[in-house]
Amino acid sequence: MLILLPPSEGKAKLGDGPPLDLDRMSFPSLNAPREAAVNALVALCAGPRAQAVLGLSPGQLGEIGKNRELRAAPTLTAAELYTGVLYDNLDLSSLTPEAAERAAESIVIFSGLWGLLRIGDRVPPYRLSMGVRLPPLGGLGAYWRRTVTPVLDDRAGLVVDLRSSTYTPAWQPGTRAVAVRVLRDGKVVSHMAKATRGVIARSLLEGDGDPRTPEDLVKALDSLGHAVSLGPAPTGRRPWTLDVMV
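So, here is what we can say about the structure in this document.

Let's talk about the overall build of the chain
Looking only at helices and strands, one finds 9 helices and 12 strands in the chain. Seen along its three principal axes, the alpha-carbon backbone of the chain occupies a region of about 50 × 40 × 35 Å. For the chain, buried positions account for 50% of its 246 residues. For the chain, contacts bridging at least 24 residues in sequence account for 70% of all contacts bridging at least 6. When the accessible surface of the chain is split by element, carbon and sulfur atoms take 52% of a total near 11500 Å². Here the chain holds 28 positive side-chain charges and 25 negative ones, and the gap between their average locations is 8 Å.

Here's what the structure looks like:
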């Protein structure tokens, strides 16, 4: 099983590990596009257009300096870096050893700068959304799709897609995937959606099952106390839809 997560805008402010070393990261076939993305972001943040391209408010201008120092900045693991609502509810640091091992094997984090991350990958704090058009690379969803697709298409098994819409263009897993929606009173909600996705991911990591089909996933989450329902079989390469009622 693969559990796909977005990153979060909320990040730890400082790392305490060695500087960035792409050769020590997972998915080594992505290192050349990672190198190009880092070079492009550092160059952008050395010039006058960074605020506009990155969509930063005046209060976020400190992020430009962080991006300029990517290569020399201390790193920390992806598990420690992301601090948003989804990750607060996932709470990786409090997992049992068995669940933590499952997280290391199952979780894949999509990133506008790194393409894909495992939770043990060490990177510095940065600011770059997948929705940015980064000169000269262009839209990052399309940029990463070319190299991410062959990497993940080769991995068999059920895909539980907890990404936000900004990150879905980077890989379309097709009908072996289940995209999770959060509903209240029959309506899709954005409020509480991130928290609920974090709870769902944690439940799957703590559970002792290994769902292999969308129907298995429904049974697993139902047994863990979640109110869920599976949508009709998808057409084409669209994923299944799993509704979580809150």
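So, next bit.
A look at the side chain of E63
If you trace the backbone, E63 turns up in helix α3 (residues 62-68). Other than its neighbours up to four places away in sequence, E63 contacts L56, Y126 and R127.

What about helix α9 (residues 214-223)?
Of all the residues in α9, the buried ones are P214, L217, V218, A220 and L221. An end-on view of α9 places all buried positions within 165° of arc, on one side of the element. In α9, the exposed positions that point more than 90 degrees away from the buried face belong to K219, D222 and S223. Residues of α9 that are buried in the fold lie against β8 (159-161), β9 (177-184), α8 (193-206), β11 (228-230) and β12 (240-245). Downstream of α9 by one or two residues, G225 has phi in the positive range, about 95°.

Definitions and cut-offs
- Residues numbered from 1 in each chain as written.
- Predicted model: local features only at pLDDT ≥ 70, side-chain atom pairs only at ≥ 80, totals over all residues.
- Heavy atoms only, no water.
- Helix = DSSP H or I, 4+ residues; strand = E, 2+ residues; numbered from the N terminus.
- Buried < 20%, exposed > 50% of the residue type's maximum accessible area, 1.4 Å probe, protein only.
- Contact = heavy atoms within 4.5 Å.
- Areas by Shrake-Rupley, 256 points an atom, 1.4 Å probe, with all protein chains shown as cover.
- Lys, Arg positive; Asp, Glu negative; His and termini not counted.
- Charge placed at Lys NZ, Arg CZ, Asp CG, Glu CD.
- Arc of directions from axis to C-beta.

So, to be careful, I would describe these as geometric facts and stop short of saying anything about function.
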